[in-house]
Amino acid sequence: MMPTDDRGFSLVEAVVAMSISMVVVMGGMAALHVSARLTQEGVMKTRALSLAQGRLEAKRSVRWEAMLQDDLDHDGRTDVVMADDGQGADVSAEDGVYTGQWAHDGITLNWTVAMDRRGPLAAAGFVTIRAVASYPGLGGPQIVELGTVRANPTFAGMR
């Protein structure tokens, strides 16, 4: 018969095992935290992209005469009238670039309609539409920027 060893684990062995287990658990928790932050930033980027795309599509589909008015909550009433007054998000007054701004769920959306010539909207041959969505990210402010061009359907004239 072989003698059996009934000593069990020593205190040092138990402390070493617990330390190793704690390092593994802490590493796993840190990885989960980073994963959650990256997922949250991905969600914000998706929302920002969706808001910017939605604003471009709204500007592409609205009647030409209503290009400088926005119904953001889709209730049939104008929420934002774009301005070329050098106030807020508009860089300079009377430059032919009309600007609107809206903040929603931590995302700030700025959009511009820039005419190819100065004067009333009806006299423009085309407009350049730009939407910029910004949101706070891990490494500072993040930006999503989209743009398109839309021609005036009733334009008759020379460039």
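1. A look at the overall build of the protein chain
For step 1, the next point in the chain: Assigned secondary structure in the protein chain consists of one helix and six strands.
For step 2, the next point in the chain: For a compact globule of 159 residues, the expected C-alpha radius of gyration is about 15 Å, and the protein chain comes in at 29 Å, more than 25% above that figure.
For step 3, the next point in the chain: Each of the three principal axes of the protein chain carries a C-alpha extent, and together these read 110 × 30 × 30 Å.
For step 4, the next point in the chain: Out of the 159 residues belonging to the protein chain, those deemed buried represent 27%.
For step 5, the next point in the chain: Excluding contacts between residues fewer than 6 apart, the proportion of contacts in the protein chain whose partners are at least 24 apart in sequence is 44%.
For step 6, the next point in the chain: Surface summary for the protein chain: the accessible area is close to 10800 Å², and the carbon and sulfur share equals 60%.
For step 7, the next point in the chain: Put simply, the protein chain has 14 plus and 19 minus side-chain charges, and the middle of one group is 7 Å from the middle of the other.

2. A look at the environment of Gln53
For step 1, the next point in the chain: Its place among the elements puts Gln53 in helix 1 (residues 11-61).
For step 2, the next point in the chain: In the structure, Gln53 is positioned 69 residues away from Ala122 in sequence and 25 Å away in space, judged by C-alpha atoms.

3. Some thoughts on the pattern of salt bridges
For step 1, the next point in the chain: A full pass over the atoms with the stated rule returns seven salt bridges.
For step 2, the next point in the chain: Measuring nitrogen to oxygen at the nearest pair gives 3.9 Å for the salt bridge that ties Glu57 to Arg60. Taken together, the residues span about one helical turn, with Glu57 and Arg60 both in helix 1 at a distance of three residues.
For step 3, the next point in the chain: Take Glu57: its relative accessible area is 45%, and that puts it in the partly exposed class.

4. Comments concerning the nonpolar core
For step 1, the next point in the chain: Ranked by internal contacts, the top residues of the largest apolar core, which has 25 residues, are Met67 and Val127.
For step 2, the next point in the chain: For this core, the secondary-structure elements that each account for two or more residues are helix 1, strand 4 (107-115) and strand 5 (126-137).
For step 3, the next point in the chain: Apart from residues lying up to four places away in sequence, Met67 is in contact with Lys59, Val62, Met82, Val113, Leu121, Val127, Ile129 and Arg150.

5. Notes on the pairing of strand 3 (residues 97-104)
For step 1, the next point in the chain: Pairing of strand 3 with strand 4, which is carried by eight bridges, proceeds in the antiparallel orientation. Looking at the pairing, His104 lines up with Ile107 of strand 4.
For step 2, the next point in the chain: With antiparallel pairing between neighbouring strands as the criterion, strand 3 and strand 4 make up a hairpin whose turn holds two residues, including Asp105 at a positive phi of roughly 55°.

6. Structural notes on helix 1
For step 1, the next point in the chain: Between its terminal C-alpha atoms helix 1 stretches 74 Å, which fits the 75 Å expected from 51 residues at 1.5 Å a residue.
For step 2, the next point in the chain: Three or more residues of helix 1 are buried, namely Glu41, Met44, Ala48, Leu51, Ala52, Arg55, Leu56 and Lys59.
For step 3, the next point in the chain: Tucked into the core, helix 1 has its buried residues touching strand 1 (69-70), strand 3, strand 4, strand 5 and strand 6 (140-151).

7. A closer look at the pairing of strand 5
For step 1, the next point in the chain: As paired elements, strand 4 and strand 5 share eight bridges and run antiparallel to each other. The partner of Met115 across the bridge, within strand 5, is Val127.
For step 2, the next point in the chain: Here strand 5 pairs with strand 6 via 12 bridges, running antiparallel. Residue pairing across strands places Tyr135 opposite Gln142, the latter belonging to strand 6.
For step 3, the next point in the chain: The turn joining strand 5 and strand 6, which pair antiparallel and follow one another in sequence, is formed by two residues.

Conventions adopted
Residues numbered from 1 in each chain as written. Predicted model: local features only at pLDDT ≥ 70, side-chain atom pairs only at ≥ 80, totals over all residues. Heavy atoms only, no water. Helix = DSSP H or I, 4+ residues; strand = E, 2+ residues; numbered from the N terminus. Rg over C-alpha atoms; globule rule 2.2 N^0.38 Å. Buried < 20%, exposed > 50% of the residue type's maximum accessible area, 1.4 Å probe, protein only. Contact = heavy atoms within 4.5 Å. Areas by Shrake-Rupley, 256 points an atom, 1.4 Å probe, with all protein chains shown as cover. Lys, Arg positive; Asp, Glu negative; His and termini not counted. Charge placed at Lys NZ, Arg CZ, Asp CG, Glu CD. Salt bridge = Lys/Arg side-chain N within 4 Å of Asp/Glu carboxyl O. Core = buried A, V, L, I, M, F, W, Y, C linked by side-chain atoms within 4.5 Å. Pairing = 2+ DSSP bridges. Expected span 1.5 Å × (residues − 1).

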